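The primary structure of each chain is shown beneath.
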Amino acid sequence: MKTTTHHLIAEVSGRQSRIEQTIGIDLGDVWSHYCTLNEDGQVVDRGRFRTTPEAIDKWFTDVPHARVAMEAGTHSIWISEQLQELGHEVIVANARELRAISHSDRKSDQVDAEKLALLKCTASDISPRSPSS
């Protein structure tokens with residue numbers, strides 16, 4: 001039997017409360033694109049923000065507890081730490097291992113952000129880990 005391989009780089013759990021939305025972020029050096037899904041997996045918002053600590057604080061401070069998925073990259077370490085400090089559950093995935101993104105014919109920051117959000121919304125084998133795991 002084939003075993004499921006987890007292609008996560010890191011997963012940081014935030015507050016242990018009900019998650020009402022999932023946000024996929026395609027990180028860029030200047031701009032990062034996001035896609036927000038509701039509990040039913042429907043797109044409810046998309047857009048972009050500057051890839052700076054100030055912009056992360058401004059955009060995510062008032063966002064209700066969310067699951068945030070992003071690709072591993074230059075900015076993923078500091079952004080994931082900052083999002084965790086704001087109380088969000090953070091997943092950092094290796095995009096090279098995510099066939100939905102790396103082998104896509106539709107490559108754009110907006111599409112990649114949505115695929116990251118959908119991946120976390122639908123992947124039952126990638127679940128939040130407690131700090132002790």
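Here, the structure is the one placed above.
All of these numbers come straight from a predicted model, not from anything done at the bench.

Student: Any chance you could explain the pairing of strand β3 (residues 31-38) here in plain terms?
Tutor: For a regular strand, side-chain orientation follows a simple rule: the groups alternate between the two sheet faces. Taken across its eight residues, β3 has six buried, putting it largely inside the fold. Sheet topology note: the strand β2 (residues 21-26)/β3 ladder contains six bridges and is antiparallel. Note that in β3 the partner of Ile25 across the bridge is Tyr34. Hairpin connection between β2 and β3: a loop of four residues separates the two successive antiparallel strands. Pairing geometry for β3 and strand β4 (residues 43-50), over seven bridges, is antiparallel. For Cys35, the partnering residue across the bridge sits in β4 and is Arg46. In sequence, β3 turns back onto β4 through a hairpin of four residues, with Gly41 there showing a positive phi of about 80 degrees.

Student: Sorry, what's going on with the environment of Thr22 here?
Tutor: Mapped onto the secondary structure, Thr22 falls in strand β2. As a C-alpha pair, Thr22 and Asp40 span 18 residues in sequence and 10.0 Å in three-dimensional space.

Student: Is there a simple way to think about the packing of helix α1 (residues 53-60) against helix α2 (residues 76-85) in this case?
Tutor: For any two helices packed against each other, one specifies the crossing angle of their axes together with the interaxial distance. At a closest axis distance of 11 Å, the pairing of α1 and α2 adopts a crossing angle of 35 degrees. Like other packed secondary-structure pairs, α1 and α2 cross with a definite hand, here right-handed. Together, Pro53, Ile56, Asp57 and Phe60 of α1 and Trp78, Ile79, Gln82 and Leu83 of α2 make up the contact between the two elements. Of the residues in the contact of α1 with α2, the class split is six nonpolar, one polar and one charged.

Student: How should I be thinking about the nonpolar core in this particular structure?
Tutor: Side chains of nonpolar character tend, in soluble globular proteins, to be buried together. Residues Ile23, Ile25, Phe60, Val68, Met70 and Leu83 are the most contacted members of the largest nonpolar core, which totals 15 residues. Elements with a contribution of two residues or more to this core: β2, α1, β5 (66-71), α2 and β6 (89-93). At three residues, β5 tops the list of elements feeding residues into this core. In this structure Phe60 touches Ile23, Ile25, Phe49, Val68, Leu83, Leu86 and His88, once residues within four positions along its chain are discounted.

Student: Help me understand α2 in this model?
Tutor: The α-helix winds at 3.6 residues per turn, so residues separated by three or four positions along the chain end up facing the same way. All of the buried residues along α2 are Ser76, Ile79, Ser80, Gln82 and Leu83. Projected onto a plane normal to the axis of α2, the buried residues spread over an arc of 165 degrees and lie on a single side. Along α2, the residues that are exposed and aim more than 90 degrees away from the buried face are Ile77 and Glu85. Contact partners of the buried residues in α2: β2, α1, β5 and β6. Trailing α2 by a residue or two, Gly87 shows a phi angle of about 95 degrees, which is positive.

Criteria and cut-off values
- Residues numbered from 1 in each chain as written.
- Predicted model: local features only at pLDDT ≥ 70, side-chain atom pairs only at ≥ 80, totals over all residues.
- Heavy atoms only, no water.
- Buried < 20%, exposed > 50% of the residue type's maximum accessible area, 1.4 Å probe, protein only.
- Helix = DSSP H or I, 4+ residues; strand = E, 2+ residues; numbered from the N terminus.
- Pairing = 2+ DSSP bridges.
- Axes fitted to C-alpha atoms, helices over the stretch in contact; angles between N-to-C directions.
- Left-handed = near helix turned anticlockwise from the far one by under 90°.
- Contact = heavy atoms within 4.5 Å.
- Nonpolar A, V, L, I, M, F, W, Y, C, P; charged D, E, K, R; others polar.
- Core = buried A, V, L, I, M, F, W, Y, C linked by side-chain atoms within 4.5 Å.
- Arc of directions from axis to C-beta.

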